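Observations on chain architecture
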Amino acid sequence: MSERPADHGSTEVPARRVFRFAPSPNGLLHLGHAFSALLNHDLAHLAGGRLLLRLEDIDRARSTPEFERRIIEDLGWLGLAFDEVPRRQHEHHADYEAALDALRGEGLLYPAFMTRGETRAFAAAFEEREGRIWPRDPDGAPVYPALDRDLCESERNDRIAAGEPFAWRLDMARALALVDGPLGFEDTGGETPAEVAAEPALWGDVVLARFDTPTSYHLAVTVDDALQGVTDVVRGRDLLPSTSVHRLLQALLGLPVPRYHHHDLILGGDGRKLSKSRGDVSLRALGEAGLTPADIRRMVGLGPAPA
Ligand code: GLU
């Protein structure tokens, strides 16, 4: 009988991996969400990990309890079960406030008063005058001109006291100067796993909160992934550029860096990404038309559910 050497190593039980599906309850799930949710489930299952549900409902104008209810029902119909109660972002403002305070304490945030419309007008005037393109962020919006980054304290205070709306923007140049060396993250969503270089500078001075909402998507997702102990972020490739901002925030806030898996998107017949706002067919409508969860798995290119 061959004897295995006694293991005198650490008695620590390796931590279970934690995955999460994080829909925004501002519409019904479509096939793209179904793919993401099922892939999270399958990968968590194969890894012996846990799967969490997070409802990204900070946009109070568009999120509704009705969409939330229907999303949870549709996920149940797909056969997905989640560990823990779902985390609703709007119930955790204090966590985002704490992160904002930490960044503010480092002098990395400033109140920015230019609206989206004013930023677009600034970019158009620049392009007209200079005959060259004003930079766009990865979402295609003009990068914030940051004309008010260096306002003096008293002018800032006067404008805030006068009730002028503003956003808390990250001073990107200062933030990059604070972090140690280039940032990267692991992405297993491509053909081969790759170490991807983060490029947060492409976003310019991103919005991290608004005067009346203590967070933006970027801040909430980064804080929540850390607080929920998420080790594996599995989400669509459309969010790959955003991961650069999340990676920077992790470095600034001293948060752990999950493994990323940016998966392919399910495209509509016209080759475009499915979208709730364009009224792409919902998972619910497919179910009502007689398709089964097994049909949905096939439609998104997944084999039978792992046993
Ligand atoms: N709430 C985002 C969405 O529905 C997903 C965010 C994420 O997975 O990080 O598109």
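Our structure is the block above this text.
Reference entry: report on the structure contained in this document. (Residues numbered from 1 in each chain as written. Predicted model: local features only at pLDDT ≥ 70, side-chain atom pairs only at ≥ 80, totals over all residues. Heavy atoms only, no water.)

**Let's talk about the sheet that holds strand β8 (residues 207–210)**
- In spatial order, the strands read β4-β5-β8; together these 3 strands make up an open sheet with antiparallel pairing. The strands lining the two open edges of the sheet, one partner per strand, are β4 (109–112) and β8. Across the sheet, the mean angle from the axis of one strand to that of its neighbour is 30°, orientation sign disregarded.
- Of the pairings in the sheet, the one linking strand β5 (residues 167–170) to β8 comprises 3 bridges and is antiparallel in character. (Pairing = 2+ DSSP bridges. Helix = DSSP H or I, 4+ residues; strand = E, 2+ residues; numbered from the N terminus. Axes fitted to C-alpha atoms, helices over the stretch in contact; angles between N-to-C directions.)

**Section: the nonpolar core**
- Core analysis: the largest hydrophobic core is formed by 35 residues, its most contacted members being Leu103, Leu170, Leu208, Leu219, Leu248, Leu249 and Leu252.
- At the level of elements, α3 (93–105), β5, α6 (172–178), β8, α7 (217–227) and α8 (240–253) are the ones that each hand at least two residues to this core.
- Residue contributions to this core peak at 5 residues, all from α8.
- In this structure, Leu249 is in contact with Leu103, Leu208, His218, Leu219 and Thr222, ignoring residues within four places of it in sequence.
- Formed by 24 residues, the second largest nonpolar core is a distinct cluster that contains Leu31, Ala44, Leu274 and Val300. (Core = buried A, V, L, I, M, F, W, Y, C linked by side-chain atoms within 4.5 Å. Buried < 20%, exposed > 50% of the residue type's maximum accessible area, 1.4 Å probe, protein only. Contact = heavy atoms within 4.5 Å.)

**Remarks on the site of the ligand**
- By nearness alone, every residue bordering the ligand is listed as Arg20, Ala22, Pro23, Ser24, Glu56, Tyr217, Val221, Arg235 and Leu239.
- Between the ligand and the protein, one listed contact pairs a nitrogen atom with a backbone N or O atom of Ala22 at 2.8 Å.
- Interatomic distance of 2.7 Å between a side-chain N/O atom of Arg235 and an oxygen atom of the ligand.
- Protein contacts shield 78% of the accessible area of the ligand, which totals 300 Å² for the unbound molecule.
- In terms of residue class, the shell around the ligand is made up of 5 nonpolar, 1 polar and 3 charged. (Near = heavy atom within 4 Å. Polar contact = N/O pair within 3.5 Å; in protein donor to acceptor, adjacent residues only side chain to side chain. Areas by Shrake-Rupley, 256 points an atom, 1.4 Å probe, with all protein chains shown as cover. Nonpolar A, V, L, I, M, F, W, Y, C, P; charged D, E, K, R; others polar.)

**Re the layout of surface pockets**
- A volume near 180 Å³ is recorded for the second largest pocket.
- Residue lining of the second largest pocket: 13 residues in total, with Gly107, Leu109, Tyr110, Pro111 and Arg156 positioned closest to the centre.
- Looking at the lining of the second largest pocket, the elements with two or more residues in it are β4 and α5 (153–161).
- Considered class by class, the residues forming the lining of the second largest pocket number 4 nonpolar, 2 polar and 7 charged. (1 Å grid on protein atoms, 1.4 Å probe; cavity = no way out; pocket = protein on both sides within 12 Å on 5 of 7 lines; lining within 4 Å. Points joined across faces, edges and corners; volume = space filled by probe spheres on them.)

**Here's the deal with the packing of aromatic side chains**
- Tallying each qualifying case throughout the model produces 6 aromatic pairs.
- A cation sits over an aromatic face here: Arg104 above Trp168, 4.4 Å from the ring centre. (Phe/Tyr/Trp six-rings, centres within 6.5 Å; stacked < 30°, edge-to-face > 60°. Lys NZ or Arg CZ within 6 Å of the ring centre and 35° of its normal.)

**Thoughts on unusual backbone geometry**
- Although it is not a glycine, Glu84 sits at a positive phi angle of roughly 65°.
- With respect to the secondary-structure elements, Glu84 resides in the loop between α2 (65–77) and β3 (87–88).
- Notably, Ala146 is not glycine yet its phi reads approximately 60°, a positive angle.
- Among the structural elements, Ala146 can be located in the loop between α4 (116–130) and α5.

**Description of α2**
- The terminal C-alpha atoms of α2 lie 18 Å apart, and with 13 residues this matches the ideal 18 Å at 1.5 Å per residue to within 8%.
- Of all the residues in α2, the buried ones are Glu68, Ile71, Asp74 and Leu75. Taken down its axis, α2 places every buried residue within 130° of arc, on the same side.
- Buried residues belonging to α2 abut β1 (18–21), α1 (31–46), β2 (50–55), β3 and α9 (283–288). (Expected span 1.5 Å × (residues − 1). Arc of directions from axis to C-beta.)

**Some words on α7**
- With 8 of its 11 residues buried, α7 lies for the most part within the structure.
- Of the positions making up α7, those classed as buried are His218, Leu219, Ala220, Val221, Thr222, Val223, Asp224 and Asp225.
- One or two residues past the end of α7 sits Gly229, with phi positive at roughly 65°.

**Section: the packing of α3 against α8**
- Interaxial distance between α3 and α8 falls to 10 Å at its minimum, and their mutual angle equals 75°. By the criterion of interaxial angle, the relationship of α3 to α8 is roughly perpendicular. Only Leu249, Leu252 and Leu253 of α8 make contact with α3, whose side of the interface consists of Ala99, Ala102 and Leu103.
- Counted by class, the contact of α3 with α8 contains 6 nonpolar, no polar and no charged residues. (Parallel < 35°, antiparallel > 145°, perpendicular 65-115°, else oblique.)

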